Amino acid sequence: MLKLKEQFDLQRDVVFDLLKKEASVCRVKEYSEDVDTRILNIERDGSVLYSWKGATVTTRIGKYDPNTKQNKLLYTFDKQVCVSSCSLNKEETLLAVSLAQNTSGQERLKPISKCLTLLIEIHPINNTKVLKAVDCRVKVQFLHQETEAKSALESHLLLLAEDGYVDLYHVLLSKHEGYRVVISNPERLTRTAERIVEDFCWAQWDGHTQRLYCLTRKDKFVLRCIQFYPNQSCDTVFELVLKLPANAFHTVRFVSLGFDHYHVEKPEQELIRMQVFTNQNGSMCVCYSQPLTDKRELTYVVVLVHKDCSKRFRVSLGNDAPNSGRLHPLFIPIGYYILVYLQGCFLHCINTRQQELLCHSLFLTGQDVNLGAQLRSDALTVMHKDDETGVRLLELASGSIRTAELSPAYLLQILRSDARARSPSGRTDPRRLAALHCLLVFMGDDSKLELKVVEWLCDNMNAFESFDQIQEFILASLFRICYKKSLGLDKVLPYSCLFEKKEVPACLLELPGVMCTTELRIVPDFKGKAERLQGFWAELQWNTERTKCLNAASNPRYKTSHIRADWDKLRSESKASSHVNHLENTKKVLSVVDTWCLDKKLVPLFQEEDHQQRAFIGLTVDKLREHLNRYLPQLGKKKIDSLVVNYVAKLLELIRHMLESAWLKYKLGPHVLCLATKGGPAEWAVFHFMLRILESTQSLCLPLPPGYHTLFAVFAVRCLPHQTFLQYIDHGFLQLTETFVSRLMTDLDNSEANERLKFGVLKRLPEPMEQRIYHMWDHPVSSASISRDYVKALLEKQSKNKGFVFAGQDKPGFRPEFLPLTYLAKMLSDIESQALNPFEEKENVDARFVEESALMQTLIQLGFEEK
């Protein structure tokens, strides 16, 4: 499920280098000493701080730079000490360490404290200042803020004590002799420390965002966040009440504050394991777990602050769970997913943006959920999450750091394996749906990956029992192009076809083995005035307030089926002039598509005037823009216009991409457009795929690219028997376009079977199109029709001349015995020079045949002949 890539290995990157240096300096045999290297901390820039025992049996502290791949000695103690916490300032001039004091042997008789906290000048190595000497554990952490050059001679140090308080030290520095950096007024350092937190029972440091999360309890547990700013100030910006057991913490817990190798937390003391994860787009998740109950159930909670809700999950482990100690899963943030991992038991991939239905989150059980190289969940530590580099996992015992990301190959395997083994009850559908969404939305920027999903669609055309995979592909892919713009779009735009259903299938409402309860309205408290909140906090506050408003609104999510009445009205209108209102929108969309598709002409789409589809495109833009302006006006009209145009353009591009993939898969060429030959298995497969796309888009009232119906009709006439082809027209599956019908009339010969097909098509055409098509068909019936229409037009024109008097009775050759024909001949003769010739520049027509046709039509009208 996870793709792990090793980024750092303590043995390879540090130990081998140290052994070589020790061997060269001390002149001992290379690799002969055990240097006992231990990772102490990982700073914001990725630097790894570590300690080791040198050849002289003294403790040293070094730094590994991941950018230069170099190791650097920072400080050497004059004896062997136990370093429990360590931090280096950004300028690498100060080193803060906490030492666990040795109280065994002779040292036990001395009145010393259990922990000694030191601040050491290391540029160059000079004075050492004692900050604390207490009988509790102390964690140290320098702030790493982006500061201007003028403030570089100032550092800020957090000191967190197990007694439940946090002090902030402002360390002023000065330069001596041009290069020596020393502490200014060290005697005043402890007196000027600022107490920023008291009585906390849990603390987490987020180095990437420079935030400190603390949990305090008086009457109830309150999670507080202190934000540190570049101007050296800090502020409590957020508070959230959490419902935790009264005895949640027997001892103070530190998260992401380095690694203490001399303090081992007893499993029975860890009643709650908790972590906070944020994303720069304004989302926050508070995750905590409770150990196994007597019923062998594991409970974990994910508080989705940005979604104004909390989800409590209960997983029944049965006999799969180990019996040793208290079990806690590992929380791993990857993008907007939170992975809950318990080795050998389960892996729950929770979708924190599409959280409304359980089926959009992936749940796996059994031995196949192990993370690659037998990594135990209790031996892994989640490092600082960075929006750019992603999440890193540290295995402390081996000293290995790996980057982690979701594996697209594994998700594709879920799609393909589940498709081969369809369950009659649809039990595999939730896994397939969750994997499909993860591939399309979270990873969908990879065009090669999208192509593999389209290939899977081609291989599995029939709709699954509980959802339509083509509809899901379209809506999820459309959601991907805009979900990063605002979290508010999660509630407003459709990302699944399930929201179009009157009732969601039961198999998608639950996950086997998982019980979930949802609590709404978690009421976060943003401290300070709105105008003071900036960046992430302003975005999070906006997201929570918008979510509350949308939860209270009726039908905030745009449903494509809501425009069906307007859709049907446009479908019934045959005149292109009635579609003028939407043409401007259509031009914007097609101009964007043209920009995307300059080099993609494999499938003949966007190459004809399809007035109805162009009207549908404009209507979709209108309705979607109207909906977003109503529910998300804060985005602004300009941003909404751009979003909507790109949304509809992406829809058309998606369909073109699907057809292009099918084209390549079945190796089709230009010959497939020839109507005179019958289609083979490849053409039949593409026809079936196009039919499924048509069904899916019509039920969602989504427009198609201009030219789609022409191409579909070409495949239909080649693959279907003629009678079936006409039935497809009658049932609305096929829409006859003028481009297709004109090609049908000219490309097919006038054999008996083809004549019947052409007559059947002509009967089903609207009258204006039928008249235009007759001019293209070289057939006696078309000539008769042209003649009939020509005579009709002349008579209608002449009837407007009210003073017409027939004056040809005195001329020789006048035959009064058949007055209608004589009248008609004289009238045609009089106005023939003024009339437009319908056959001019079209085809050569036999004039004698026209006369006979006119005579026959007259006899029929008078009742002397039958049709």
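Residues numbered from 1 in each chain as written. Predicted model: local features only at pLDDT ≥ 70, side-chain atom pairs only at ≥ 80, totals over all residues. Heavy atoms only, no water.

### Points about the overall build of the chain
Argument step 1. Counting secondary structure elements, the chain contains 20 helices and 32 strands.
Argument step 2. Of all 867 residues assigned to the chain, the portion counted as buried reaches 53%.
Argument step 3. Restricting the contact set of the chain to residue pairs at least 6 apart, pairs at least 24 apart contribute 62%. (Helix = DSSP H or I, 4+ residues; strand = E, 2+ residues; numbered from the N terminus. Buried < 20%, exposed > 50% of the residue type's maximum accessible area, 1.4 Å probe, protein only. Contact = heavy atoms within 4.5 Å.)

### Observations regarding the packing of helix α11 (residues 637-665) against helix α13 (residues 708-719)
Argument step 1. Following both chains from N to C, one finds α11 and α13 inclined at 30 degrees, their axes separated by 13 Å at the closest point. Between α11 and α13, the angle is such that the two are roughly parallel. When the axes of α11 and α13 are compared, the crossing they make is left-handed. Between α11 and α13, the contacting residues are Ile 655, Leu 659 and Trp 663 on the first element and Tyr 708, Leu 711 and Phe 715 on the second. (Axes fitted to C-alpha atoms, helices over the stretch in contact; angles between N-to-C directions. Parallel < 35°, antiparallel > 145°, perpendicular 65-115°, else oblique. Left-handed = near helix turned anticlockwise from the far one by under 90°.)

### Concerning the nonpolar core
Argument step 1. By size, the foremost hydrophobic cluster in this structure holds 165 residues, and its most contacted members are Phe 346, Leu 406, Tyr 708, Phe 725 and Phe 740.
Argument step 2. By residue number, the principal contributor to this core is α11, which donates 15 residues.
Argument step 3. With residues up to four places along the chain from it excluded, the contact list for Phe 346 reads Leu 298, Tyr 300, Val 315, Leu 317, Pro 329, Val 340, Tyr 341, Phe 363, Leu 364, Thr 365 and Val 369.
Argument step 4. Grouped together as the second largest cluster of nonpolar side chains are 30 residues, Met 274, Val 305, Phe 536 and Leu 540 included. (Core = buried A, V, L, I, M, F, W, Y, C linked by side-chain atoms within 4.5 Å.)

### Thoughts on the environment of Leu 720
Argument step 1. Assignment of secondary structure puts Leu 720 in the loop between α13 and α14 (722-730).
Argument step 2. Once the C-alpha coordinates of Leu 720 and Trp 684 are considered, the two residues, 36 residues apart in sequence, prove to be 8.8 Å apart.
Argument step 3. Filtering out sequence-adjacent residues up to four positions away, Leu 720 remains in contact with Lys 678, Trp 684, Phe 687, Phe 725 and Tyr 728.

### Topic: unusual backbone geometry
Argument step 1. The peptide bond linking His 123 to Pro 124 adopts the cis configuration, its omega dihedral lying at -5 degrees.
Argument step 2. Take Pro 124: it is sitting in the loop between β8 (115-122) and β9 (125-134).
Argument step 3. Within the chain, Asn 555 stands out as a residue other than glycine whose phi angle is a positive 50 degrees.
Argument step 4. Checked against the element boundaries, Asn 555 lands in the loop between α7 (536-552) and α8 (564-572).
Argument step 5. The backbone of Cys 701 sits at a positive phi, close to 55 degrees, despite the residue not being glycine.
Argument step 6. Within the fold, Cys 701 resides in the loop between α12 (681-699) and α13.

### Considering the packing of aromatic side chains
Argument step 1. Summed over the entire model, instances satisfying the criterion amount to 28 aromatic pairs.
Argument step 2. Ring plane angle 85 degrees and centroid distance 5.4 Å describe the contact between Tyr 336 and Phe 442, whose orientation is recorded as edge-to-face. With a gap of 106 residues between them, Tyr 336 in the loop between β24 (330-334) and β25 (337-342) and Phe 442 in helix α3 (residues 429-442) connect regions that are remote in the sequence.
Argument step 3. Residue Tyr 336 is classed as buried on the basis of its relative accessible area of 7%.
Argument step 4. Taking the centre distance of 5.7 Å and the plane angle of 85 degrees together, the rings of Trp 663 and Phe 715 count as edge-to-face. One end of the pair, Trp 663, is in helix α11; the other, Phe 715, is in helix α13, with 52 residues separating them in the sequence.
Argument step 5. What makes Phe 715 buried here is its relative accessible area of 0%.
Argument step 6. Put simply, the rings of Tyr 336, Tyr 337, Phe 442, Phe 479, Tyr 483, Tyr 495 and Phe 499 pair up and form one aromatic cluster.
Argument step 7. If you follow Arg 195 out to its NZ or CZ, it ends over the ring of Tyr 165, 4.1 Å from the centre. (Phe/Tyr/Trp six-rings, centres within 6.5 Å; stacked < 30°, edge-to-face > 60°. Lys NZ or Arg CZ within 6 Å of the ring centre and 35° of its normal.)

### Observations concerning the pairing of β24
Argument step 1. Across the five residues of β24, five count as buried, placing the element largely inside the fold.
Argument step 2. The turn linking β24 back onto β25 is made up of two residues, and Gly 335 within it adopts a positive phi angle of 65 degrees. (Pairing = 2+ DSSP bridges.)

### Structural notes on the sheet that holds β24
Argument step 1. The strand order β24-β25-β26-β27 describes an open sheet built from four strands, whose pairing is antiparallel. Where the open sheet ends on each side, the last strands, each with one partner, are β24 and β27 (362-365). Direction aside, the axes of adjacent strands within the sheet are offset by 15 degrees on average.
Argument step 2. For β24 and β25, the ladder comprises five bridges, and the chain directions are antiparallel. Paired with Phe 331 across the two strands is Val 340, which belongs to β25.

### Observations regarding helix α4 (residues 447-459)
Argument step 1. The end-to-end C-alpha distance of α4 is 19 Å, a good match for the 18 Å that 13 residues give at a rise of 1.5 Å each.
Argument step 2. For α4, the full list of buried residues reads Leu 449, Glu 450, Val 453, Val 454, Trp 456, Leu 457 and Cys 458.
Argument step 3. Where α4 begins, one side-chain oxygen reaches toward the backbone nitrogen of Lys 448, 3.0 Å away; that side chain belongs to Asp 446. (Expected span 1.5 Å × (residues − 1). Polar contact = N/O pair within 3.5 Å; in protein donor to acceptor, adjacent residues only side chain to side chain.)

### Focus on the confidence of the model for the chain
Argument step 1. On average, the chain scores 83 in pLDDT, and the residues at 70 or more come to 81%.
Argument step 2. When the criterion is pLDDT under 50, residues 802-809 qualifies, and its contacts beyond four places in sequence or with other chains add up to nine contacts. (pLDDT = per-residue confidence, 0-100.)

### Structural notes on the pattern of salt bridges
Note that side chains of opposite charge can pair when their charged atoms are close.
Argument step 1. Per the stated rule, a full pass over the model turns up 35 salt bridges.
Argument step 2. Salt-bridge contacts for Arg 353 lead to Asp 490; the nearest nitrogen and oxygen are separated by 2.6 Å. Taken together, the residues Arg 353 in the loop between β26 (346-351) and β27 and Asp 490 in helix α6 (residues 489-492) connect sequence positions 137 residues apart.
Argument step 3. With relative accessibility at 2%, the residue Asp 490 sits in the buried group.
Argument step 4. Linking Glu 395 and Arg 402 is a salt bridge whose minimum nitrogen-to-oxygen distance equals 3.7 Å. (Salt bridge = Lys/Arg side-chain N within 4 Å of Asp/Glu carboxyl O.)

### Details of the packing of α14 against helix α16 (residues 752-763)
Argument step 1. In contact at an axis separation of 10 Å, α14 and α16 are set at 5 degrees when each is read in the N-to-C sense. As summarised for this structure, α14 and α16 are arranged roughly parallel, according to the angle between their axes. Touching His 722, Phe 725 and Leu 726 of α14 are Ala 753, Asn 754, Leu 757, Gly 760 and Val 761, all from α16.
Argument step 2. When grouped by side-chain class, the residues that make up the contact of α14 with α16 number five nonpolar, three polar and no charged. (Nonpolar A, V, L, I, M, F, W, Y, C, P; charged D, E, K, R; others polar.)

### With respect to the environment of Val 48
Argument step 1. Turning to its location among the elements, Val 48 is positioned in strand β3 (residues 48-53).
Argument step 2. C-alpha separation for the pair Val 48 and Leu 10, spaced 38 residues apart in sequence, amounts to 9.5 Å.
Argument step 3. When neighbours within four sequence positions are excluded, Val 48 is seen to be in contact with Phe 8, Ile 39, Asn 41, Ile 42, Gly 62, Lys 63, Tyr 64 and Ile 401.

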